[in-house]
Amino acid sequence: MYKIAIAGTGYVGLVTAVCLASKGFSVTCVDVDADKVKAMAAGHCPIYEEGLPELMKEHRNNLTYTTDYRSAYKDADVVYIGVGTPEKKDGSANLDYVRTVAEQIAESAEKDCVVVIKSTVPIGTNQSILALLQEKAAKGVTFEIASNPEFLSQGTAVKDTLHASRIVIGTQTPHARKVLTDIYEAFGQPIVNTDIKSAEMIKYASNDFLALKISYMNEIANLCEITGADVQDVARGMGYDPRIGNKFLAAGIGYGGSCFPKDTKALHWLANFNDYELKTIKAAIEVNENQKLKLLKKSRKYCSSLQGKRIAVLGLTFKPGTDDLRDAPSLQNIPYLLESGAEVFAWDPVGIPNFKKLYPNELQYCETIEEALHGAELCFIFTEWPQVKALDPAVFVRQMASPVILDGRNCFDLKAMEALPVVYDSIGRRAIRNLAK
Ligand code: UGA
């Protein structure tokens, strides 16, 4: 059994660590945040992710948490790098954390080691990290590098890792390939072996393709609104074609999260840097920026001013199943509502503590959907939480002062809404206007 260390305990690092531990590997998780390490060692899971706390607990004997990278990397056979690569101001990926970890590995490793980059990194990064490792390596220590991109989604991260659609392994030496193949044999999923640059590219190309698919459907949705077609019917009709597939065809108020916005910009930047313009990705980014403001534009049709209006907001996170707010449409829309003088009453099952850190007093946080809707003149739906989708639409009529519902995630059936005295305007579908002016 290989001795494994993992740098970074975010979504990628921690989920990878726990899933490897569940397959019997002994894994040491390294993080710079001493409080986080202490909490994990005491059995606390630092991220909201279905199934992760249970798995972490079940396999605690295979998991060690530490800030002491020297002892973790000293005799590791394999070190995974799973730290963040956030977006820089110009759109390129910030590789500072990856480089710092690589330097720490180089200064600590006392035996030969395969370094596996799981973080999403621009094409060519593995090569430059290998050069850094070799340059700083202690005498006699040989490093090999492998690119092993991550395809997990937040909210389903454990399932996505244990039952991955594919495992991509980019290597340049037979030994590194063998080590990674040995490790992933236990997962029983299809393995795609490639060279390193192709593995790096597979990650960006996959994420950007999905982002493009969403932006494409959002444009079709906008055209559906103009022409009178229904985007959900359109998506249903398209999705039966196996060449298209029925996933990621849901129109809405744009993609958010820590990956698609960052990865589209990073690939676009990389192309520009190499004197090439990725026109499709550029368009996907532009469409997404506009789409995020779609509900605000719609709101103008129903009220000329937001000043003093009581507004309900359902959903703060970038998607259901996570408490993550990164690039969530709520973060672009709510400040505008507040600046326009509206009073905002927000509900989210798990996103409120994080939102409160950014806006402690500016809005009212509600424990129930009913409380948020009570007395509201306008309701914005930003996240399709199951609790929202399960609502009896009559609740809008019962609770709101004037039931004008702007749904950015197409949570409700048009027929159900049609029967009620409401305004219901969603994405890519006909608007229902059953309220007397
Ligand atoms: C995404 C990818 O799906 C993962 O495969 C990848 O590993 C991950 O990024 C990453 O690079 O780490 P994630 O950001 O967690 O995962 O979330 P997604 O489920 O892909 O959703 C992203 C955004 O697209 C959300 O805002 C969601 O609301 C939006 N979306 C998704 C749509 O607007 N329409 C759809 O049909 C699907």
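What you see is a predicted model; the values in this text were computed from it and never measured.

Chemist: Account for the pairing of strand β7 (residues 167-171), naming residues and giving values.
Modeler: Along a regular strand, successive side chains alternate from one face of the sheet to the other. Most of β7 sits out of view: five of its five residues are buried. The two faces of β7 match: Ile167, Ile169 and Thr171 on one face and Val168 and Gly170 on the other face are all buried. Handedness of the crossover is the feature at issue here: the chain leaves β7, passes through helix α8 (residues 174-185), returns alongside strand β8 (residues 191-194), and the resulting connection is right-handed.

Chemist: Talk me through the environment of Asn61; I want residue IDs and the actual numbers.
Modeler: When you line up the elements, Asn61 lands in the loop between α3 (52-58) and β3 (63-66). On the basis of relative accessible area, Asn61 is assigned to the exposed category, the value being 75%. Between the C-alpha atoms of Asn61 and Leu331, which are 270 residues apart in sequence, the distance is 40 Å.

Chemist: Account for the sheet that holds strand β1 (residues 3-7), with residues named and values stated.
Modeler: One key point about sheets: their strands pair by backbone hydrogen bonds, in either a parallel or an antiparallel sense. Taken in spatial order, the eight strands of this open sheet run β3-β2-β1-β4-β5-β6-β7-β8, and their pairing is mixed. Because the sheet does not close on itself, it has two edges, and the strands there are β3 and β8. On average, each strand axis in the sheet is tilted by 25° relative to the strand beside it, whichever way the strands run. Pairing of β1 with strand β2 (residues 26-30), which is carried by five bridges, proceeds in the parallel orientation. Residue pairing across strands places Ala7 opposite Val30, the latter belonging to β2. Along the sheet face, helix α1 (residues 11-22) touches β1, β2, β3 and β4 (78-81) and points at about 160° away from the line of β1.

Chemist: Describe the site of the ligand, with residues and values.
Modeler: Close contacts around the ligand come from 19 residues, with Leu152, Gln154, Lys203, Asn207 and Cys259 the closest. At 2.7 Å from an oxygen atom of the ligand is found a main-chain nitrogen or oxygen belonging to Gln154. At a separation of 2.9 Å, an oxygen atom of the ligand approaches a polar backbone atom of Gly256. About the coverage of the ligand: the protein hides 90% of its 710 Å² of free accessible area.

Here is what the cut-offs are and how they apply
- Residues numbered from 1 in each chain as written.
- Predicted model: local features only at pLDDT ≥ 70, side-chain atom pairs only at ≥ 80, totals over all residues.
- Heavy atoms only, no water.
- Buried < 20%, exposed > 50% of the residue type's maximum accessible area, 1.4 Å probe, protein only.
- Helix = DSSP H or I, 4+ residues; strand = E, 2+ residues; numbered from the N terminus.
- Right-handed = clockwise from strand over helix to strand, strands pointing away.
- Pairing = 2+ DSSP bridges.
- Axes fitted to C-alpha atoms, helices over the stretch in contact; angles between N-to-C directions.
- Contact = heavy atoms within 4.5 Å.
- Near = heavy atom within 4 Å.
- Polar contact = N/O pair within 3.5 Å; in protein donor to acceptor, adjacent residues only side chain to side chain.
- Areas by Shrake-Rupley, 256 points an atom, 1.4 Å probe, with all protein chains shown as cover.

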